[in-house]
Amino acid sequence: EVENALASAPDDEKNALREKLEELEKQLAKAQQEADRFEVRNLYVLDHPPLLNDALSTAKSRLMIIAPWVAGKVVNRDFTTKLEVLLRKGVVIYIGYGISEDETQNLSPSHLGARKKLRDLDQMFSNFTFKRLGNTHAKVLIKDSDFAAITSFNWLSFKGDPSRTFRDEQGTLIRKPELVNKKFEELVTRFDVVHIEPTTQ
């Protein structure tokens, strides 16, 4: 709200708004640091996009994303570029999708293009598995042993844009390594591939 007010405020009010915005940003950063100390915490809709961005930007050994649908508005050029950077670093990546046994028909060109780009990367990199799981309504994001997010948030088809109409999405973030690893080992069997050990440390 302060950011929006600043954009249209008269010049004589902007300094006060900038100071208020700076203070709020400090409070948000402190709250985030405190939240990150918890091994298990609740997630709400706006908590999800930063987690996905963090996973795509900083994963060191493995990344897993499971969601029913793949949409071009999320799996866009930025997404696939970050994915390719991780793959070239040796990060082992699993992406699973599909709420039904058969491919969804009559998709928009952008959605079809997103799937094609992921399939192309699957062909290019032995450390990437992109698979239609079928019958999955799960929405899971796992980064290394750092965290597992199990949620209602559609990682591959919903941006969670704060400027759009509110949509209630909730989940749980787990930062306890043994539980993260257990969830990963449980889910990786669905990909029906030989598990590849990461080449990065």
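Refer to the structure printed above.
Summed over all chains, the structure comprises 9 salt bridges. Here Glu-84 ties to Arg-88 by a salt bridge, and the two come within 2.8 Å at their closest N and O atoms. Of the two residues, Glu-84 and Arg-88 both sit in helix H4 (residues 77-88), 4 residues apart, roughly one turn of that helix. We classify Glu-84 as buried; its relative accessible area is 19%. The class for Arg-88 is exposed, based on a relative accessible area of 56%. Between Glu-186 and Lys-183 there is a salt bridge, with the nearest N and O atoms lying 3.2 Å from each other. Here Glu-186 pairs with Lys-183, and both are found in helix H6 (residues 177-188), just 3 residues apart, close to one helical turn. Several salt bridges share partner residues, and in doing so they unite Asp-54, Lys-143 and Asp-146 into one network.

One finds Leu-63, Phe-79, Leu-83, Ile-95, Phe-128 and Leu-141 to be the most contacted residues of the largest nonpolar core, which totals 35 residues. When neighbours within four sequence positions are excluded, Leu-83 is seen to be in contact with Leu-56, Leu-63, Ile-93, Ile-95, Leu-118, Leu-121 and Phe-128. Among the nonpolar cores identified, the runner-up in size contains 14 residues, and Tyr-94, Leu-133, Phe-184 and Leu-187 belong to it.

Bringing H6 into the picture now. Spanning 12 residues, H6 covers 16 Å between terminal C-alpha atoms, matching the ideal 16 Å at 1.5 Å per step. Buried residues along H6 sit in contact with strand S2 (62-66), strand S3 (92-97), strand S5 (140-143), strand S6 (147-151) and strand S7 (170-174).

A separate point is the packing of aromatic side chains. Throughout the structure, instances matching the rule amount to 5 aromatic pairs. Seen from their ring centres, Tyr-97 and Phe-130 are 4.9 Å apart, and the 10° between their planes marks the pair as stacked. With a gap of 33 residues between them, Tyr-97 in strand S3 and Phe-130 in strand S4 (residues 128-132) connect regions that are remote in the sequence. Taking relative accessible area as the criterion, Tyr-97 reaches 3% and is therefore assigned buried. Here Phe-130 falls in the buried class, since its relative accessible area comes to 9%. Counting every residue linked through ring pairs, the aromatic cluster contains Tyr-94, Phe-184 and Phe-191. Over the face of the ring belonging to Phe-184 we find Arg-62, whose NZ or CZ atom lies 4.1 Å from the ring centre.

What follows deals with the sheet that holds S6. Spatially, S1-S7-S6-S5-S2-S3-S4 is the arrangement adopted by the 7 strands of the open sheet, whose pairing is mixed. Edge positions in the sheet fall to strand S1 (40-44) and S4, since each has one partner strand and no second. Ignoring strand direction, the axes of neighbouring strands in this sheet form an average angle of 10°. Of the pairings in the sheet, the one linking S2 to S3 comprises 5 bridges and is parallel in character. Residue pairing in the sheet places Met-64 in a bridge with Tyr-94 of S3. Across the sheet, helix H5 (residues 109-124) is in contact with S3 and S4; its angle to S4 comes to roughly 135°.

This brings us to the packing of H4 against H5. As a packed pair, H4 and H5 sit with axes 11 Å apart at the nearest point and diverge in direction by 10°. Judged by the angle between their axes, H4 and H5 are roughly parallel. Across the interface between the two elements, Phe-79, Thr-80, Leu-83, Glu-84, Leu-87 and Arg-88 of H4 pack against Lys-117, Leu-118, Leu-121 and Met-124 of H5. A breakdown of the residues in the contact of H4 with H5 according to their chemical character gives 6 nonpolar, 1 polar and 3 charged.

What counts and what doesn't
Residues numbered from 1 in each chain as written. Predicted model: local features only at pLDDT ≥ 70, side-chain atom pairs only at ≥ 80, totals over all residues. Heavy atoms only, no water. Salt bridge = Lys/Arg side-chain N within 4 Å of Asp/Glu carboxyl O. Helix = DSSP H or I, 4+ residues; strand = E, 2+ residues; numbered from the N terminus. Buried < 20%, exposed > 50% of the residue type's maximum accessible area, 1.4 Å probe, protein only. Core = buried A, V, L, I, M, F, W, Y, C linked by side-chain atoms within 4.5 Å. Contact = heavy atoms within 4.5 Å. Expected span 1.5 Å × (residues − 1). Phe/Tyr/Trp six-rings, centres within 6.5 Å; stacked < 30°, edge-to-face > 60°. Lys NZ or Arg CZ within 6 Å of the ring centre and 35° of its normal. Pairing = 2+ DSSP bridges. Axes fitted to C-alpha atoms, helices over the stretch in contact; angles between N-to-C directions. Parallel < 35°, antiparallel > 145°, perpendicular 65-115°, else oblique. Nonpolar A, V, L, I, M, F, W, Y, C, P; charged D, E, K, R; others polar.

Shape is all these values report; function is a separate question.
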